[in-house]
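What follows is the residue order along each chain.
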Amino acid sequence: MKHLKLFALLLPAAAGVTWAAQPDDSIQQARLAAAALGKTLKQELVSAMQQGGPVEAIAVCNLKAMPLAAQVSAESGWQVGRTSLRVRNPANTPDDWERAQLEKFQAELDAGEDLASLEATTTETRNGQRIQRYMKAIPVEGPCLACHGSALAPPVRTKLDALYPDDQARGYQLGELRGAFTLEKTLSPDN
Ligand code: HEC
């Protein structure tokens, strides 16, 4: 349960403010929730890699990514997930809006924009409810290459093959667009 304690310390630190709903800063809240999930996942990954190597660390992504996202969702009021144009887990497949934003991020990156600055937001109506959505681009960094790069160690490849037979999330280079955090929240009627 170490990761939960770590998380409890991390979220307020990442936020630095309360989560009280303020319509005009809801995007700021989404940014903080995305940053909180990103930071927690990265810390979990790096410590699992140090302790047990990349094969052991696969379990962090495989088993913990979803519960950690659920925890950030519960604490922030935003549903938080991850998606990509090339997914490892088919459950992370983008919908139409997400796909369009990921393609836009890729085009912006190709045009020389700083990947760290790429984000998108929209409001849509679904089943009569207004939903606010937010996405933030995720870059490929050094520690990611052990599991998303082009030179995977054979035991890593074997484990990933077993867990994700349709894995498309390999062959990335440093600095490429890996995917995005994707968040949404139902707006209250007066927003
Ligand atoms: C130890 C292996 C490992 C490392 C290191 C790793 N990942 Fe992953 N990654 C995975 C696994 C396994 C999944 C599938 C998780 C799931 O089943 O939801 C995944 C899924 C993802 C997804 C969700 C989209 C998809 O493809 O399903 C993103 C985004 C992602 N990783 C980004 C990163 C980034 C960025 C880094 C570096 C900071 C990183 N990963 C490092 C193993 C790893």
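Placed above this text is the structure.
About the criteria used
Residue positions within a chain follow its written sequence, with the count starting from 1. Side-chain atom pairs in this predicted model are given and counted only at pLDDT of 80 or more, local residue features only at pLDDT of at least 70, and totals for whole chains, interfaces and linings cover all residues. Hydrogen atoms and water are omitted, and side-chain values are computed over all heavy atoms in the structure. Each helix corresponds to a stretch of at least 4 residues labelled H or I by DSSP, and each strand to a stretch of at least 2 residues labelled E; elements are numbered beginning at the N terminus. Each residue gets one of three labels from its accessible area relative to the maximum for its type: buried under 20%, exposed over 50%, partly exposed in between, using a 1.4 Å probe on protein chains only. We call two residues in contact whenever any of their non-hydrogen atoms come within 4.5 Å of each other. Only the protein chains shown count as covering a residue, and every accessible area follows the Shrake-Rupley method with a 1.4 Å probe. When DSSP finds at least two bridges between two strands, those strands are taken to pair. Throughout, an axis means a line fitted to C-alpha atoms (over the contacting stretch in the case of helices), and angles, computed between N-to-C directions, take values from 0 to 180 degrees. Two rings from Phe, Tyr or Trp (for Trp, the six-membered ring) form a pair when their centres sit within 6.5 Å of each other. Planes less than 30 degrees apart are called stacked, planes more than 60 degrees apart edge-to-face, and all others tilted. Our definition puts a charge over a ring when NZ of Lys or CZ of Arg is within 6 Å of the ring centre and also within 35 degrees of the ring normal. The cutoff for a nearby residue is simple: one of its non-hydrogen atoms must lie within 4 Å of the molecule or strand. Two N or O atoms form a polar contact when they lie within 3.5 Å of each other; inside protein one atom must be a possible hydrogen donor and the other a possible acceptor, and for residues adjacent in sequence the pair counts only when both atoms belong to side chains. Under the grouping applied here, Gly and all other residues not named as nonpolar or charged are polar, the nonpolar ones being Ala, Val, Leu, Ile, Met, Phe, Trp, Tyr, Cys and Pro and the charged ones Asp, Glu, Lys and Arg. Each reported salt bridge corresponds to a side-chain nitrogen of Lys or Arg within 4 Å of a carboxyl oxygen of Asp or Glu. The span you would expect from a helix comes to 1.5 Å times its residue count less one. Bend at a given residue is defined as the angle between two axes, one fitted to the seven residues that end at that position and one fitted to the seven that begin there.

A.B. asks: Where do I start with the overall build of the protein in this structure?
C.D. replies: Summing up its helical and strand segments, the protein has five helices and four strands in all. Of the regular secondary structure in the protein, the N- to C-terminal order runs α-α-β-α-β-β-α-α-β. A total of 191 residues make up the protein; the buried ones form 39% of that total. Long-range pairs, those at least 24 residues apart, make up 67% of the contacts in the protein with a sequence separation of at least 6. Surface exposure of the protein reaches about 10100 Å², of which carbon and sulfur atoms provide 55%.

A.B. asks: Honestly, the sheet that holds strand β2 (residues 119-126) in this entry has me stumped. Any pointers?
C.D. replies: The pairing of strands in a sheet happens through backbone hydrogen bonds and is either parallel or antiparallel. If you walk across this open sheet you meet the four strands as β1-β4-β3-β2, and the pairing is antiparallel. Where the open sheet ends on each side, the last strands, each with one partner, are β1 (79-83) and β2. Sheet twist, expressed as the mean angle between neighbouring strand axes with direction ignored, is 25°. With eight bridges connecting them, β2 and strand β3 (residues 129-139) associate as antiparallel partners. Residue pairing in the sheet places Thr122 in a bridge with Arg133 of β3. Set on the sheet, helix α2 (residues 26-76) makes contact with β1, β2, β3 and β4 (177-186); between it and β1 the angle comes to about 50°. Where helix α3 (residues 96-110) meets the sheet, its contacts fall on β1, β2, β3 and β4, and the angle it forms with β3 comes to roughly 35°.

A.B. asks: I'm lost on the packing of aromatic side chains in this one. Help?
C.D. replies: The description of two aromatic rings rests on the distance between their centres and on the angle between their planes. By the definition in use, this model includes zero aromatic pairs. Between Arg86 and the ring centre of Tyr172, over which it is positioned, the NZ or CZ distance is 4.0 Å.

A.B. asks: Explanation requested: the site of the ligand in the structure shown.
C.D. replies: In the vicinity of the ligand, 23 residues are found, and the nearest of them are Cys144, Cys147, His148, Tyr164 and Arg178. At 2.9 Å, a side-chain N or O of Asn89 approaches an oxygen atom of the ligand. Asn92 has a polar side-chain atom sitting 2.7 Å from an oxygen atom of the ligand. Secondary structure elements with two or more residues in the shell around the ligand: α2, β3 and α4 (145-148). Per-element tally for the shell around the ligand: the top contributor is α2, with eight residues. Among the residues forming the shell around the ligand, the class breakdown is 15 nonpolar, three polar and five charged.

A.B. asks: Can you walk me through the pattern of salt bridges in this structure?
C.D. replies: A side chain of one charge can pair with a side chain of the opposite charge when the charged atoms of the two come close. Within the structure shown, the criterion is met by 13 salt bridges. The closest approach of N and O atoms between Glu184 and Arg126, which form a salt bridge, is 3.0 Å. Highlighted residues: Glu184 in strand β4 and Arg126 in strand β2, separated in sequence by 58 residues. Since its relative accessible area comes to 23%, Glu184 is described here as partly exposed. A salt bridge links Glu184 to Arg133; the shortest N-O distance between them is 3.8 Å.

A.B. asks: Teacher, can you tell me more about α2 here?
C.D. replies: Side chains of residues three or four places apart in an α-helix project in the same direction, reflecting 3.6 residues per turn. Between the first and last C-alpha of α2 there are merely 10 Å, a value that for 51 residues lags more than 12% behind the 75 Å anticipated at 1.5 Å per step. Gly53 marks where α2 bends most, by close to 130°; the proline Pro54 follows one to four residues later.

A.B. asks: What am I meant to see in the environment of Tyr172 here?
C.D. replies: Residue position: Tyr172 is located in the loop between α5 (154-163) and β4. For Tyr172, a relative accessible area of 3% puts it in the buried group. Separated by 32 residues in sequence, Tyr172 and Val140 place their C-alpha atoms 7.2 Å apart. For Tyr172, the residues in contact, after removing those within four places along its chain, are Ser84, Arg86, Val140, Leu145, His148, Gly149, Ser150, Leu177 and Arg178. Side-chain polar atoms of Tyr172 contact the side chain of Arg178, separated by 3.4 Å.

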